[in-house]
Every structure is written in structure tokens, then in C-alpha cells.
Amino acid sequence: QVQLIESGGGLVQAGGSLRLSCVASGLTFSTYAMAWFRQALGKEREFVAKISGHGISTSVKESIKDRFTISRDNGKNAVYLQMNGLKPDDTAIYYCAAASRYSGTYNLATDINAWGKGTPVTVSS
């Protein structure tokens, strides 16, 4: 059974930083692209960042790419999201996801093999 467990969320002041972690089990981790999504209250879940199975390729949402960085450690079955210069608009629940492919835009209904339960991030002004 695949499990993705996120951690590292919390309350932070605007301008601060957080590092989210996601540890995976029940899958051959390096064969999956990993991604982070977020969902703010009353909004649809949106893509944040993704990383290829071996970590060579990454992609971050254009509007936040100067502040957020995705990385992974296949030896630890973990993927990370470093978030700097946080803004109140970054407030959301952040979800870790495993995807069977890296390329292209994800269809959340068909391209995501597993989801974590999410970790909340709240940025105060």
C-alpha cells in the first residue's frame, strides 16, 4: 500500500521560510515523478512543483519559481519543497503526490497515482 506522509507545515510570518518534507513507502520511489500541489480554502487544487524520478528535471509554477525549490533524496524515499519569501497568498494545504510520468501537465484524475493527506501552511501578514 502506497503511503505519502507530509510534514513541515505550520504558521509563519510573511517573508519567512518553511521546508516541507514528504516520505513515501510502498512504491519503488525512484521510478515515480513526485509533485507538490496546494489547495487554498475555496479554491481548486493547483500545481506547485514537480521533479523527475532521478531528480534531474524540475519544474515550478511560474509565479513562484523564484521562491520555491523542489528536491528529492531517493535514498530516503523523500521529496522536499523549500519555500522562501512566503506571502499570505501561499496559505494553503500542501499535498505531496506520486505521478507515473514527469512530462506534461498533470490531469489530477488520471496522472496521480497517490496523494498524501496534506500539511497546512499559514502565512500571516
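First, a word on scope: everything that follows refers to the structure included in this document. All values derive from a computational prediction rather than experimental measurement.

Brief notes about the environment of Thr-91
Structurally, Thr-91 can be placed in the loop between strand S8 (78–83) and strand S9 (92–99). Judged by its relative accessible area of 29%, Thr-91 is partly exposed. For the pair Thr-91 and Leu-11, spaced 80 residues apart in the sequence, the C-alpha separation amounts to 9.1 Å. Not counting chain neighbours up to four residues away, the residues in contact with Thr-91 comprise Ala-40, Val-121, Thr-122 and Val-123. One polar contact links the side chain of Thr-91 to the main-chain carbonyl oxygen of Pro-88, over a distance of 3.0 Å.

Observations concerning the environment of Ala-24
You can see Ala-24 is positioned in strand S3 (residues 18–25). Here the alpha-carbon distance between Ala-24 and Asn-74, two residues 50 residues apart in the chain, equals 9.8 Å.

Re the pairing of S3
Sheet analysis places strand S1 (residues 3–7) next to S3, joined by five bridges and oriented antiparallel. If you follow Gln-3 over to S3, its bridge partner there is Ser-25. When S3 meets S8, the two strands line up antiparallel, connected through six bridges. Of the residues in S8, the one forming a bridge with Leu-20 is Leu-81.

Notes on the layout of surface pockets
Considering only enclosed or pocket space, the largest pocket measures out at about 160 Å³ in volume. Around the largest pocket, the lining residues are Arg-38, Gln-39, Ala-40, Lys-43, Glu-44, Glu-46, Pro-88, Asp-89, Asp-90, Thr-91 and Ala-92. Residues belonging to the lining of the largest pocket are distributed by class as follows: three nonpolar, two polar and six charged.

About the criteria used
- Residues numbered from 1 in each chain as written.
- Predicted model: local features only at pLDDT ≥ 70, side-chain atom pairs only at ≥ 80, totals over all residues.
- Heavy atoms only, no water.
- Helix = DSSP H or I, 4+ residues; strand = E, 2+ residues; numbered from the N terminus.
- Buried < 20%, exposed > 50% of the residue type's maximum accessible area, 1.4 Å probe, protein only.
- Contact = heavy atoms within 4.5 Å.
- Polar contact = N/O pair within 3.5 Å; in protein donor to acceptor, adjacent residues only side chain to side chain.
- Pairing = 2+ DSSP bridges.
- 1 Å grid on protein atoms, 1.4 Å probe; cavity = no way out; pocket = protein on both sides within 12 Å on 5 of 7 lines; lining within 4 Å.
- Points joined across faces, edges and corners; volume = space filled by probe spheres on them.
- Nonpolar A, V, L, I, M, F, W, Y, C, P; charged D, E, K, R; others polar.

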